[in-house]
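Letter by letter, the chains look like this.
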Amino acid sequence: MDLQSAGPVVLQVLTQATSQNTSELKPAEEQLKQWETQPGFYSVLLGIFNDHRLDVNVRWLAVLYFKNGIERYWRRGAPHALSEEEKSSLRSGLITNFKEPVNQIATQIAVLIAKVARLDCPRQWPELIPVLLEKVKVLDVLQQNRALLTFYHVTKTLASKRLANDRRLFQELSSSIYSFVYSVWTHHTDSFLQQLNAGDQQGAFSSLERTLLSLKVLRKLTVQGFVKPQENVEVMGFLGAVFERLQQFVECCGLVGPGSVCREKLEKTIILFTKVLLDFLECHPFSFIPLIRRSLEFCVGSVFSTVGDGFLFERFIVQCLNLIKSIVKNESYRPDKNIEDTRPEVMQAHKIRTEFFTPPTLTEIARRLVSKYFLLTEEELLMWEEDPEGFAVEETGGDSWKYSLRPCTEVVFLDIFHSYSQTLTPVLLEMVHSLQGPSDVNDTVQLLIKDAVYNSVGLAAYELFDSVDFDQWFNNQLLGELQISHNRYKLIRRRVIWLVGQWISVKFKPELRPLLYEVILTLLQDPDLVVRIETATTLKLAVDDFEFRTEQFLPYLESMFTLLFQLLQQVNECDSKMQILHVLSCVIERVSSQIRPFVGCLVAYLPLLWKQSEDHNMLRCAIITTLIHLVQGLGAECRNLYPFLLPVIQLSTDVSQPPHVYLLEDGLELWLVTLENSPDVTPELLRLFHNMSPLLELSSENLRMCFQIITSYLYLSAGDFLQMYGEGLCRCLCDLLKDITHEGQVQVLKVVEMVMKVSPLVGPHLFRTLLPSVLRGVLEGERYPVVMSVYLGVMGRVLLQNSSFFTELLYQISQEIHQEVQCVLGTLIEMWVDRMDNITQPERRKLSSLALLSLLPSPDSVIQEKFCGIINICVESLHDVMTEESETGTLRDCMLMNPLEEPKFSEDEEPLTEQDKRKRLLALQDPVHRVCLQQCVFEKLKAQQVLMGEAEFQGLMETVDTEVVRQLQEFLTGF
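The numbers attached to residues start from 1 for each chain and follow its sequence in the written order. The predicted origin of the model limits local features to residues at a pLDDT of at least 70 and limits the giving and counting of side-chain atom pairs to 80 or more, whereas totals for whole chains, interfaces and linings rest on all residues. Only heavy atoms go into the side-chain values, all of them from the structure, while hydrogens and water stay out.

1. A look at the overall build of the protein chain
Okay, step 1: Summing up its helical and strand segments, the protein chain has 48 helices and two strands in all.
Okay, step 2: Between the two quantities, the radius of gyration covers C-alpha atoms and the globule rule is 2.2 Å times the number of residues to the power 0.38. For 975 residues, the compact-globule formula gives about 30 Å, and the C-alpha radius of gyration of the protein chain, at 38 Å, lies well above that figure.
Okay, step 3: Projected onto its principal axes, the C-alpha positions of the protein chain cover 120 × 85 × 70 Å.
Okay, step 4: For the protein chain, with 975 residues in total, the buried portion stands at 54%.
Okay, step 5: Whether two residues are in contact is decided by their heavy atoms, any of which lying within 4.5 Å being enough. For the protein chain, restricting intrachain contacts to residue pairs at least 6 apart in sequence, the fraction spanning at least 24 positions comes to 73%.
Okay, step 6: Using a 1.4 Å probe, the Shrake-Rupley method yields the accessible areas, and only the shown protein chains count as cover for residues. In the structure as shown, the protein chain presents an accessible area of about 44400 Å², 51% of it carried by carbon and sulfur atoms.
Okay, step 7: Charged residues are defined here as Lys and Arg on the positive side and Asp and Glu on the negative side; His and the ends of the chain fall outside this count. The atom standing in for a charge is NZ when the residue is Lys, CZ when it is Arg, CG when it is Asp and CD when it is Glu. Measuring between centres, the 90 positive side-chain charges of the protein chain sit 6 Å from its 124 negative side-chain charges. Each helix is a run of H or I in the DSSP string that is no shorter than four residues. Each strand is a run of E no shorter than two, and both are numbered from the N terminus. The rule is simple: take the accessible area with a 1.4 Å probe, protein chains only, and divide by the maximum for that residue type; under 20% is buried, over 50% is exposed, in between is partly exposed.

2. Brief notes about the state of the cysteines
Okay, step 1: Sulfur atoms of two cysteines make up a disulfide when they are within 2.5 Å. In this structure the tally under the stated criterion is zero disulfides.
Okay, step 2: Cys253 takes part in no disulfide bond, and the closest cysteine sulfur, belonging to Cys252, lies 7.4 Å away.
Okay, step 3: Note on Cys253: relative accessible area 4%, which makes it buried.
Okay, step 4: Cys706 carries a free sulfur, and the closest cysteine sulfur to it, the one in Cys732, is 10 Å from it.

3. A look at the pattern of salt bridges
Okay, step 1: In what follows, salt bridge is the name for a side-chain nitrogen of Lys or Arg lying within 4 Å of a carboxyl oxygen of Asp or Glu. Scanning all chains against the criterion turns up 45 salt bridges.
Okay, step 2: Between Glu71 and Lys115 there is a salt bridge; the shortest N-O distance is 2.9 Å. Of the two residues, Glu71 is situated in helix α4 (residues 56–73) and Lys115 in helix α6 (residues 103–120); the sequence distance between them amounts to 44 residues.
Okay, step 3: The salt bridge partner of Arg797 is Asp926, with a shortest N-O separation of 2.8 Å. In this pair, Arg797 is assigned in helix α38 (residues 785–801) and Asp926 in the loop between α44 (914–925) and α45 (927–930), connecting sequence segments 129 residues apart.
Okay, step 4: When its relative accessible area of 3% is taken as the criterion, Asp926 is described as buried.

4. Looking at a nonpolar patch on the surface
Okay, step 1: Together, Met618, Val661 and Tyr662 make up a nonpolar patch on the protein surface, roughly 340 Å² of accessible area in all.
Okay, step 2: Positionally, Val661 belongs in helix α31 (residues 660–677).
Okay, step 3: In this structure Val661 comes out as exposed when scored by relative accessible area, which is 63%. A patch consists of residues exposed above 30% relative accessible area that lack any salt bridge, with like charges linked at up to 9 Å and nonpolar side chains (Val, Leu, Ile, Met, Phe, Trp, Tyr) linked at up to 5 Å.

5. Quick notes on helix α28 (residues 600–612)
Okay, step 1: Axes are fitted to the seven residues ending at a residue and to the seven starting at it; the angle between these axes is taken as the bend at that residue. Along its length, α28 reaches its greatest deviation from straightness, about 30 degrees, at Leu606, and the proline Pro607 lies no more than four positions downstream.
Okay, step 2: For α28, the complete set of buried residues consists of Leu602, Tyr605, Leu606, Leu609 and Trp610.
Okay, step 3: Contacts from the buried residues of α28 go to α26 (550–570), α27 (574–591), α29 (617–634), α30 (642–652) and α31.

6. Observations regarding a positive patch on the surface
Okay, step 1: A contiguous patch of positive charge on the surface is contributed by Arg75, Arg118, Arg162 and Arg167.
Okay, step 2: Tracing the backbone shows Arg75 in the loop between α4 and α5 (84–94).

7. Looking at helix α20 (residues 421–433)
Okay, step 1: Helix span is expected to be 1.5 Å times the residue number reduced by one. Taking 1.5 Å as the rise per residue, α20 with 13 residues should run 18 Å; its terminal C-alpha atoms sit 18 Å apart, in good agreement.
Okay, step 2: Of all the residues in α20, the buried ones are Leu424, Thr425, Val427, Leu428, Met431 and Val432.
Okay, step 3: Check the buried side of α20 and you find it contacts α16 (359–373), α19 (405–419), α21 (444–459) and α22 (470–482).

8. A word on a negative patch on the surface
Okay, step 1: A surface patch of negative charge is lined by Glu386, Asp387, Glu573 and Asp575.
Okay, step 2: Counting through the fold element by element, Asp575 comes out in helix α27.

9. Things to note about the confidence of the model for the protein chain
Okay, step 1: Values of pLDDT, ranging from 0 to 100, describe the predictor's confidence in every residue of the model. Across the protein chain, the average pLDDT comes to 92, with 97% of residues at or above 70.
Okay, step 2: With pLDDT under 50 throughout, residues 398–403 is counted as low confidence; its partners more than four residues away or in other chains account for seven contacts.

10. Thoughts on unusual backbone geometry
Okay, step 1: Cis rather than trans, the peptide bond between Cys121 and Pro122 has omega equal to 5 degrees.
Okay, step 2: On the secondary structure map, Pro122 appears in the loop between α6 and α7 (128–137).
Okay, step 3: The linkage connecting Leu856 with the following residue, Pro857, adopts the cis geometry, with an omega of -5 degrees.
Okay, step 4: The phi dihedral of His80 falls on the positive side, at around 60 degrees, and the residue is not glycine.
Okay, step 5: Relative to the elements of secondary structure, His80 occurs in the loop between α4 and α5.
Okay, step 6: On the accessibility criterion, His80 (56% relative accessible area) is exposed.

11. Section: the side chain of Glu534
Okay, step 1: Structurally, the position occupied by Glu534 is in helix α25 (residues 529–543).
Okay, step 2: If we skip the residues at most four places from it in the chain, Glu534 touches Arg494, Ile497 and Trp498.

12. Looking at the environment of Glu36
Okay, step 1: Relative to the helices and strands, Glu36 is located in the loop between α2 (22–35) and α3 (41–49).
Okay, step 2: Assessed through its relative accessible area of 10%, Glu36 is described here as buried.
Okay, step 3: Distance from Glu36 to Tyr73, taken between C-alpha atoms, is 8.8 Å for residues 37 residues apart in sequence.
Okay, step 4: The contacts of Glu36, once residues within four sequence positions are left out, are Phe41, Tyr42, Tyr65, Arg72 and Tyr73.

13. Side note on the packing of aromatic side chains
Okay, step 1: Pairing of aromatic rings covers Phe, Tyr and Trp, the last counted by its six-membered ring, and requires centre-to-centre distances within 6.5 Å; plane angles under 30 degrees mean stacked, over 60 mean edge-to-face, and any other angle means tilted. Under the definition given, this model contains 39 aromatic pairs.
Okay, step 2: Geometrically, the ring pair formed by Phe689 and Tyr713 is edge-to-face, given 5.3 Å between the ring centres and 80 degrees between the ring planes. Here Tyr713 lies in helix α34 (residues 703–738) and Phe689 lies in the loop between α32 (683–687) and α33 (692–698), a separation of 24 residues in the sequence.
Okay, step 3: In this structure an aromatic cluster arises from ring pairing among Tyr178, Tyr182, Trp185, Phe192, Phe226, Phe238, Phe249 and Phe273.
Okay, step 4: Consider the ring centre and the ring normal. A charge sits over the ring if Lys NZ or Arg CZ is within 6 Å of that centre and within 35 degrees of that normal. Cation over ring: Arg245 sits above Trp185, and NZ or CZ is 5.8 Å from the ring centre.
Okay, step 5: Its end group placed over the ring of Trp498, Arg495 keeps NZ or CZ at 4.7 Å from the ring centre.

14. Things to note about the packing of α21 against α22
Helix packing for two helices is described by the angle between their axes and how far apart those axes are.
Okay, step 1: Running from N to C, α21 and α22 point in directions that differ by 140 degrees, and their axes come no closer than 14 Å. Between α21 and α22, the crossing angle belongs to the class labelled oblique. The chirality of how α21 crosses α22 is left-handed. Of the residues in α22, those in contact with Lys450, Tyr454 and Val457 of α21 are Trp473, Gln477, Leu478 and Glu481.
Okay, step 2: Split by residue class, the contact of α21 with α22 holds four nonpolar, one polar and two charged. A fitted line through C-alpha atoms serves as each axis, taken over the contacting stretch for helices, and the angle formed by two N-to-C directions is quoted from 0 to 180°. In this scheme, roughly parallel covers angles under 35 degrees and roughly antiparallel covers those over 145, while 65 to 115 is roughly perpendicular and the rest are oblique. Handedness of a crossing is defined here by the sense of rotation of the near helix relative to the far one, left-handed for an anticlockwise turn of less than a right angle and right-handed for a clockwise turn. Here the nonpolar group is Ala, Val, Leu, Ile, Met, Phe, Trp, Tyr, Cys and Pro; Asp, Glu, Lys and Arg are the charged ones; every other residue, Gly included, is treated as polar.

15. Things to note about the packing of helix α46 (residues 933–948) against helix α47 (residues 950–957)
Okay, step 1: As a packed pair, α46 and α47 sit with axes 6 Å apart at the nearest point and diverge in direction by 130 degrees. The orientation of α46 relative to α47 falls into the category oblique. Where α46 crosses over α47, the two elements pack in a sense that is right-handed. Two secondary-structure elements touch here, α46 through Leu941, Gln944, Gln945 and Met948 and α47 through Glu950, Glu952, Phe953 and Leu956.

16. Comments concerning the environment of Val751
Okay, step 1: Secondary-structure assignment places Val751 in helix α35 (residues 742–758).
Okay, step 2: What makes Val751 buried here is its relative accessible area of 2%.
Okay, step 3: Distance from Val751 to Leu714, taken between C-alpha atoms, is 9.3 Å for residues 37 residues apart in sequence.

17. Structural notes on the environment of Leu524
Okay, step 1: With respect to the helices and strands, the residue Leu524 is situated in the loop between α24 (513–523) and α25.
Okay, step 2: Expressed as a C-alpha distance, the spacing of Leu524 and Thr535, which sit 11 residues apart in the sequence, is 6.4 Å.
Okay, step 3: Leaving out residues up to four positions away in the same chain, Leu524 has contacts with Arg532, Thr535, Ala536, Met560, Leu563 and Leu564.

Here it is, written out as structure tokens:
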């Protein structure tokens, strides 16, 4: 591309590409895409975005195309890679302009320079760093800013490289420039402080920008530029200076009005100081040891005293708390159980922490955390009144909740309490004791403090296990507070029921459960929505607890379910509806089929909620989860839900529909439980399987669930299912086997084995193309034991239940490998006997015995040669399946099933699903559960004896080991 002639053309096309008119935009984009690989194109772009006279949007687009080109064509081995000559010219051009007036474009140029630096610096671009350092020294403010901005992005990019050689180069760079960068930061920091104190806010803001940029560079150099930073005087000097500067900058907040641009930049700089300390602690915990005391003194002094009042802002408090938490929890500072084995530096850190966290300090921290930072703020109380549902969502972990101050203080409280529980437990108990009895509803401060103290007791429930008799406290104090119905006391009602939820899995007598259910029933009718939502959450914790007893809960089930459903209808936020749905799902899951009389209202409401949640996929996930538990609870009655249920499954498992990204996993589970509980097959249920082929092609982590669904269809209606989908299923499974792990092969082959089991006549013909490879796998002695086990299971089914197809299969293989059929059969039996130990499931072992016995009686010399091995397998299987009757002392085949005998299950077990019943019916037809192995062995041996005559049969028996014969005779005693 000729630079002189191409420049105006490219400029015109870029201008068209910024147009809102699609007739101009689309052709322009296509043309730019074609030029991407043209030599000289990026040189033209460089000239365009460096020309400050041109339209900002055009220059912006030129920068973006240049940046994308670096990612695609800058590497030497890339297709259409830029020539070395053009790259050299571009590198030179990129560092000639540090006067970019537009901030956004300047940032993009800095980023693309950093991208080139990642690939070329320092070897192909040794002049980059010297030029940047030189430009940082110039007096022109704009050039200084742009140079520092670029310097930061280059440093950030080089610091992110992880190869050993790249890290070494970055460390060498850090050592060579650290002193200069430190001096630049000090200079701009001093300038900012002087200008601010002199009242020059505009000059101070300009200096602050450069302070922030140089501090960003120092952060990268300090944290990632040194292997042993503690040995570098300047590094440790800078870290020591951070505390002094932090104090100065925090105090400056009083000189800068809140909400101003300068205040925003000042707060960013303060946060960056704390990030330097946090990053350094994380990457160099032992180098940080000299800074532990100063960090704790600064953070505790700022956050837990009156010194910082008026200057502190929320994010700075959070960062201070994070620094305290990181020091308290740091595993590098934890001594070994055997103190003598502990490294000296670990003991030094531990000693510093121990000396700092004295009982008075810990007491003050705990008291201030609870009495200051745990208190609900005026904004939160106002939100409770004006938007109670929004307040409830935030309190239970909404998106903004995790970034706010109180959750951070709660985490710090827990970490400190866990580390120093012996000191802090009496402090917390004393705070609780001071709040005995009901509080004055007119004393808002006392109510807020009680709320905060109860919050702390809930958070520390596991730590307080041995110190609090919660059952007694619940009976004597908390129960009474839950019964105070005054509107202002809703703070305490909400907190107490939350507190019960925190303790219920820690220490709560089962005998108190009915009393708790009575309380929950009352609070679910509370006038305050926040109290009702919190009560629902506590109900979920109570129902989900391992000490939950269904019989205790059943008297309250109908009322609870009705009130929860009413609450579900009342709330409007997606998060609230999800929360209530999870509670309903948990209740349904725990009471199982006993929910059936009460779910009519929910069943009628869910379709409406599904329609309303079209744009809220996470809410739809919660609906599907509820449906899963509903179907399990309804059992065969789930068929009444088909008009709603099946379209939900259809949508959530259709990979051509965008929502499947969110709904697929839950949708597959719903599909499976629907099949398991459906009483019979319907055309609509069968049509759902159209979604399966694309799912199998994905070969994702959901394959196992897909195979379970296929198996359920086979149990439900093998004939209809295989008639409609058998051939397609066979193709999919064969394709899967071409590129899948051994574990995946096993799952696929189990499906094939299942088809042989449910449809022994049709199955082999469906899998005509696959079965030869299964037989070859057996003949060749498949080395992976589990695969071999399933291979033998498949062949056992074919041999036992479709002997004519088995004969055809033998003949086909014999033709392929050019051997006699009898020779192939002999090899098969020999390999079967040899690899019998690969089969671990008793059912498959018995199947193998029955299959091989089906070859008898036979005059065939090959089978008679393998007679010994067949008998060995049969005796092994007899040991597996024969058990002695305790009453009669006789042996019986434990795998035989009596069609008249009803299955038994304990009260703790779930009742049989429709699929369980179908499994039983199929098992009653299965030779493994229908044929007595003991009798079969006797009859086959007797028939062989008749066929051969006594003398020849005795000769055949003599080929069997005498001990095996003796065991066989014991099993056949009585026949």
